[in-house]
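Coordinate analysis (summary)
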Amino acid sequence: MMQSGVPPCTTCGEPLGFDSNGEVFVACHECNFPICKSCFDYEIKEGRKVCLRCSTPYDESTTMPDVETNQSSNHSTMASHLSNAQDVGIHARHVSTVSTVDSELNDDSGNPIWKNRVESWKDKKSKKKKATSKAKAEVPPEQQMEEKPSADASLPLSEVIPLPRNKLSPYRCVIVMRLIILALFFHYRVTNPVDSAYGLWLTSIICEIWFAVSWVLDQFPKWTPINRETYIDRLSARYEREGEPSELAAVDFFVSTVDPLKEPPLITANTVLSILAVDYPVDKVSCYVSDDGSAMLTFESLVETADFARKWVPFCKKFSIEPRAPEFYFSQKIDYLKDKIQPSFVKERRAMKRDYEEFKVRVNALVAKAQKTPEEGWTMQDGTAWPGNNPRDHPGMIQVFLGHTGAHDIEGNELPRLVYVSREKRPGYQHHKKAGAENALVRVSAVLTNAPFILNLDCDHYVNNSKAVREAMCFMMDPQVGPNVCYVQFPQRFDGIDRSDRYANRNTVFFDVNMKGLDGIQGPVYVGTGCVFNRQALYGYGPPNLPSLQKASSSSSCSWCGCCSCCCPSKKPSKDLSEVYRDSKRDDLNSAIFNLKEIDNYDEHERSMLISQRSFEKTFGLSSVFIESTLMENGGVPESANSPTLINEAIHVISCGYEEKTEWGKEIGWIYGSITEDILTGFKMQCRGWRSIYCMPLRPAFKGSAPINLSDRLHQVLRWALGSVEIFLSRHCPLWYGFGGGRLKWLQRMAYINTIVYPFTSLPLIAYCTLPAICLLTGKFIIPTLSNLASVWFLGLFISIILTSVLELRWSGVSIEDLWRNEQFWVIGGVSAHLFAVFQGFLKMVAGLDTNFTVTAKAAEDGDFGDLYVIKWTTLLIPPTTLIIVNMVGVVAGFSDALNSGYEAWGPLFGKVFFAFWVILHLYPFLKGLMGRQNRTPTIVVLWSVLLASVFSLVWVKINPFVQKVDGSATVQTCISIDC
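If you're wondering where the values come from, they're calculated on a predicted model, not measured in any experiment. (Residues numbered from 1 in each chain as written. Predicted model: local features only at pLDDT ≥ 70, side-chain atom pairs only at ≥ 80, totals over all residues. Heavy atoms only, no water.)

1. Quick look at unusual backbone geometry
That bond from Glu-322 to Pro-323 is cis: its omega, -10°, falls within 30 degrees of zero. Its location among the elements puts Pro-323 in the loop between α11 (296-319) and α12 (326-330). One non-glycine residue with positive phi stands out, namely Ser-320, at about 50°. Note that Ser-320 resides in the loop between α11 and α12. Although it is not a glycine, Ala-504 adopts a positive phi angle of roughly 55°. Within the secondary structure layout, Ala-504 lies in the loop between β10 (493-495) and α16 (508-519). (Helix = DSSP H or I, 4+ residues; strand = E, 2+ residues; numbered from the N terminus.)

What follows is the structure, given as structure tokens:
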């Protein structure tokens, strides 16, 4: 039994034990890596005299005693550890697998089978290498000359294109100038308080300081923006030689869906069809569809999709059409005959359009039938009950369509594999929503196909560029770039958005400005869809070329500042047990899986020997097939595996209890703890030292749909902001997480901090938007009378803001309209969705009130943007509406007060009115959406009509044109002349 307070050994799981002095055994005094004395002696005997975590050589005093330990006793100890099945933690639901797991751990002699398996694997690979080198040696020199790759095959597959100096240098100069002016501006504001309105002045100062910090967090990660260019022709020349099998890496596509009534099956079907028709070798493509709602409608629509794909895929490849989603291809308003030279194209296109319309009718019939669920539940065609009738209590389901063993297309060619997956759900288990579904797909795909790369898409994001996968492979398969890349992120592009993009649905500023800036540091953030992953990065491993940790000259150095005397006095490692445990967990980046890649002295097979089978099970779960797949960096399934065995294992790895007592969602896979699991997952990868790549092909790689309705858009933003607040309140907050590794660059960390603190800007923003109304109603102002010097600072600040925006537009190519829409919705979302997200996040932390995940509704056809004018009441509409009304009332009251006070009041009035109009103009798209179509009356007309009517009414009352003015002196004279 483990001693209380003593940390376990990372290798064998046993307590660390004590040394000869009665203290907890510590092998490495640099990082306090937890390894017991037995495992440590075994490492020394094998010649490995450096720490497994930090690569620091062990002290001679530590390595001298007990070096000559009996080797057989070590082996027997390890075997006993592995054979102790009770410590493995097998769930009662999977008792049937216990015998299988236990029988695989040891052979008759008591030696670990896992070690033998890895040894045999290493022997096979070395024999394969020898055979390859021998075959090359037997080839005549003349033939070797002929087989030399072309010039394109030796060139880089991608290239970084820095911005021209004439664009980047002025941009940086203006940023520095703006920072200096901002400092002088705040010096003036702080040293010149407004005594008559001290509360308003202090509030404005606090708000402005917060805005300045937010600007710094947003601006400086854009310091080194870059562009990239890919060379697909070089990729083909290197990996697709004529007459030889394609050497391109395999890719597993993930498509996730939940509710087919909110996410129409026709949209999901178009996404799947566009994947099956990509320009990539069919044997290298597998598509996994996750149905997290266990809906029979999704399954039946996928059956129809697989049948229609037999016609659609060969049509796409024969005529090279784009895009390869039929709904969007046939709805294009372009000349579809352009660049088409085959005489049969028109006839085949007409026939294919008719087939697609028949396919739509069949799918729509399924949707109509699913509107009302039978009392006894759904039944399949063979009469058996649908296993997923209860979406919260059903077994795991897997169905494989198409592929090598499935149906071929109408021309007899093989089609990519299509797999339907619905993970098991039972009451009492935490399923972790989308992140849990994605992790289930990771395990299923590893068992069935195990492609080295994964591309995940939302169900409404179809492949718009059939060569998108090749674009990503130009980075992933580049020997110079690929090994250190955890994912390649594509920008999100959308269909069905109104021409003016009223609510900034395109997010153009973020995708075309911010993400380019991050690409010049450590890479873009993961945005949840349109991303190609390195599977090894999802497993929690670090990159091969891991950035070395900073090492001090002595063991007394400080882990924060790297100095031995500035803040930490020299002292021996603490003897307190809790202190040893805290030190062992200081580098929490690899607390679950110590990073095998940090060991440079051994090859991949020897590194894999350093972790026992039991350690793998504690990390990845009880599946020997899946564990074996994690060691195959180049992907693929074992040759000895057969389909029934793999399907049974795939069902096992999607069981609801599989992740218990493992590191899924903590250190590996999609990370749990936030509804915006995308930001959290990418952040963890980059903390381990990985970098990401931003790929922007000329033709957008993927396109999706976005909510154009005001209420739906605000709810979408609310979900994103709430996820950021959850990360801020978690242990993964970028403000304090990941400093131990030192692998996340500071500007990258600044960008992540910005992604989790931006919802809190809603508090000063709503206060700042209320100030102009208060100033107009009270007659006070937040700024004193301006001197000439103060006017220079104010003018300089406005000019620097304008110049920064202009130069940013110049190098990014973003239009000024997109920038203005982004600015407007920043205010709209800030005073509504972000504000609610902050309160909901704190309520969840304090009171434990969980927030339901709301699926954004997707529409197959937007028509005449009718949804844009629909008003759906929600509490998110209250704060912006209140701000508009209050500022409009303030403007009217300000004019009224100026009319009553005389001409001297008009000068200060203009500053206050300008401030109020700044708020109203930023909230104008919200007001436009709130008023709906209004019989097509322009909203600006209504707004100005109300304001001008109010102002002129006050002026009219002040002038009183129909009331005769009476002179006071004349009245007195009249009264005197009357004889009373």
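2. Some points on the packing of helix α23 (residues 677-687) against helix α25 (residues 746-757)
Look at α23 against α25: their axes get within 12 Å of each other, and the N-to-C directions meet at 160°. For the element pair α23 / α25, the angle class is roughly antiparallel. Where α23 crosses over α25, the two elements pack in a sense that is left-handed. Across from Ile-679, Gly-682, Phe-683 and Gln-686 in α23, the residues of α25 making contact are Gln-748, Tyr-752 and Thr-755. By residue class, the composition of the contact of α23 with α25 is three nonpolar, four polar and no charged. (Axes fitted to C-alpha atoms, helices over the stretch in contact; angles between N-to-C directions. Parallel < 35°, antiparallel > 145°, perpendicular 65-115°, else oblique. Left-handed = near helix turned anticlockwise from the far one by under 90°. Contact = heavy atoms within 4.5 Å. Nonpolar A, V, L, I, M, F, W, Y, C, P; charged D, E, K, R; others polar.)

3. Section: the pattern of salt bridges
This structure, assessed with the given rule, holds 27 salt bridges. Where Arg-228 meets Asp-519, a salt bridge forms, and the shortest distance between an N and an O atom there is 2.8 Å. Separated by 291 residues along the polypeptide, Arg-228 in strand β2 (residues 226-230) and Asp-519 in helix α16 bring together distant segments of the chain. Among the residues examined, Asp-519 registers a relative accessible area of 2% and is labelled buried. What emerges from the salt-bridge pattern is a single network uniting Glu-240, Asp-279, Lys-467 and Arg-470. (Salt bridge = Lys/Arg side-chain N within 4 Å of Asp/Glu carboxyl O. Buried < 20%, exposed > 50% of the residue type's maximum accessible area, 1.4 Å probe, protein only.)

4. A look at the side chain of Arg-228
A distance of 2.8 Å separates the side chain of Arg-228 from the side chain of Asp-519, its partner in a polar contact. In this view, Arg-228 contacts Glu-159, Val-160, Phe-475, Asp-519, Arg-691, Ile-693 and Tyr-694; residues no more than four positions away in its chain are not counted. (Polar contact = N/O pair within 3.5 Å; in protein donor to acceptor, adjacent residues only side chain to side chain.)

5. Topic: the sheet that holds strand β6 (residues 417-422)
Read from one edge to the other, the open sheet built from eight strands follows the order β5-β6-β4-β3-β7-β11-β9-β12, with strand pairing classed as mixed. Both edges of this open sheet fall to β5 (397-402) and β12 (691-694), since each of them pairs with a single strand only. Adjacent strand axes in the sheet meet at a mean angle of 20° when their direction is disregarded. As defined by bridge partners, strand β3 (residues 251-257) adjoins strand β4 (residues 285-291) across seven bridges and the pair is classed as parallel. Bridging from a neighbouring strand, Val-251 pairs with Val-285 of β4. Seen against the sheet, helix α14 (residues 433-448) touches β3, β4, β5, β6 and β7 (453-458) and runs at an angle of roughly 145° to β3. (Pairing = 2+ DSSP bridges.)

6. Some remarks on the packing of α14 against helix α22 (residues 643-653)
For the pair α14 and α22, the least separation of the axes is 9 Å and the interaxial angle reads 165°. Classed by the angle they form, the pair α14 and α22 counts as roughly antiparallel. You can see that α14 and α22 cross each other, and the crossing is right-handed. The residues of α22 that touch α14, namely those facing Arg-443, Val-444, Val-447 and Leu-448, are Leu-646, Ile-647, Glu-649, Ala-650 and Val-653. Among the residues forming the contact of α14 with α22, the class breakdown is seven nonpolar, no polar and two charged.

7. Brief notes about the environment of Asn-439
Topologically, Asn-439 is positioned in helix α14. For the pair formed by Asn-439 and Trp-670, sequence separation is 231 residues and the distance between their alpha carbons is 6.1 Å. Contact partners of Asn-439, with chain neighbours within four places excluded, come to Glu-659, Trp-664, Gly-665, Gly-669, Trp-670 and Tyr-672.

8. Regarding the side chain of Lys-284
Mapped onto the elements of the fold, Lys-284 is located in the loop between α10 (265-276) and β4. For the buried Lys-284, no salt bridge is present, and the opposite-charge side chain at shortest range is Asp-283, 4.6 Å distant. Within the structure, Lys-284 has its side chain in polar contact with the backbone oxygen of Leu-248 (distance 3.3 Å). Those residues in contact with Lys-284, other than ones at most four positions away along the chain, are Ser-246, Leu-248, Ala-249, Ala-250 and Val-251. (Lys, Arg positive; Asp, Glu negative; His and termini not counted.)

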